[in-house]
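For reference, the chains in residue letters:
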Amino acid sequence: MKAQLAQHGISDRFDDVLREVAIVRRELGYPGMATPFSQLVGIQSVLNVVNGKRYAVIPDEIVQYAAGFYGEPVAPIDANVLDRIMKQSAGREIIAASAGAAHH
């Protein structure tokens, strides 16, 4: 995470990212903090801080997680966050492609 922040020239925002990790984890239904979920939460947190707008950029893996590809979250995903994830055109494409692949 520190390397990602340094890449964006905001190494001084590490504490902001750590706070964001706790928020993102809660919003995403408390995924277990082991691979790959720890990376997903970390990446989303860095993106939220780097962009200055939360969930302005959402990686495909977060869309897959929200769509249930990794199983059901421990707790429900925050409704507003889920809505933002699913509204992305990439979100619709990923879900459609995966639904098609699941039937083959």
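Notes on the structure follow.

So, the side chain of Glu20
Then comes step 1: Tracing the chain through its elements places Glu20 in helix 2 (residues 14-27).
Then comes step 2: Taking the relative accessible area as the measure of exposure, Glu20 reaches 8% and is therefore buried.

Concerning the pattern of salt bridges
Then comes step 1: Using the criterion set out here, one finds five salt bridges in the structure.
Then comes step 2: Note that Arg13 is salt-bridged to Asp16, the shortest N-O span being 2.6 Å.
Then comes step 3: Across the salt bridge formed by Arg54 and Glu27, the nearest N and O atoms sit 2.8 Å from each other. With Arg54 in the loop between helix 3 (37-51) and helix 4 (60-66) and Glu27 in helix 2, the pair connects residues that are 27 residues apart, well separated along the chain.
Then comes step 4: Under the relative-accessibility criterion, Arg54 is labelled partly exposed at 29%.
Then comes step 5: Members of the salt-bridge network, linked through shared partners, are Arg13, Asp16 and Arg19.

With respect to the packing of helix 2 against helix 3
Then comes step 1: Where helix 2 contacts helix 3, the axes come no closer than 8 Å and their chain directions differ by 120 degrees. One finds that helix 2 runs oblique with respect to helix 3. Between helix 2 and helix 3 lies a crossing whose hand is right-handed. Every residue of helix 3 that contacts helix 2 at Asp16, Val17, Glu20, Val21, Val24 and Arg25 is listed here: Val41, Gln44, Ser45, Val46, Asn48 and Val49.

Parameters at a glance
- Residues numbered from 1 in each chain as written.
- Predicted model: local features only at pLDDT ≥ 70, side-chain atom pairs only at ≥ 80, totals over all residues.
- Heavy atoms only, no water.
- Helix = DSSP H or I, 4+ residues; strand = E, 2+ residues; numbered from the N terminus.
- Buried < 20%, exposed > 50% of the residue type's maximum accessible area, 1.4 Å probe, protein only.
- Salt bridge = Lys/Arg side-chain N within 4 Å of Asp/Glu carboxyl O.
- Axes fitted to C-alpha atoms, helices over the stretch in contact; angles between N-to-C directions.
- Parallel < 35°, antiparallel > 145°, perpendicular 65-115°, else oblique.
- Left-handed = near helix turned anticlockwise from the far one by under 90°.
- Contact = heavy atoms within 4.5 Å.

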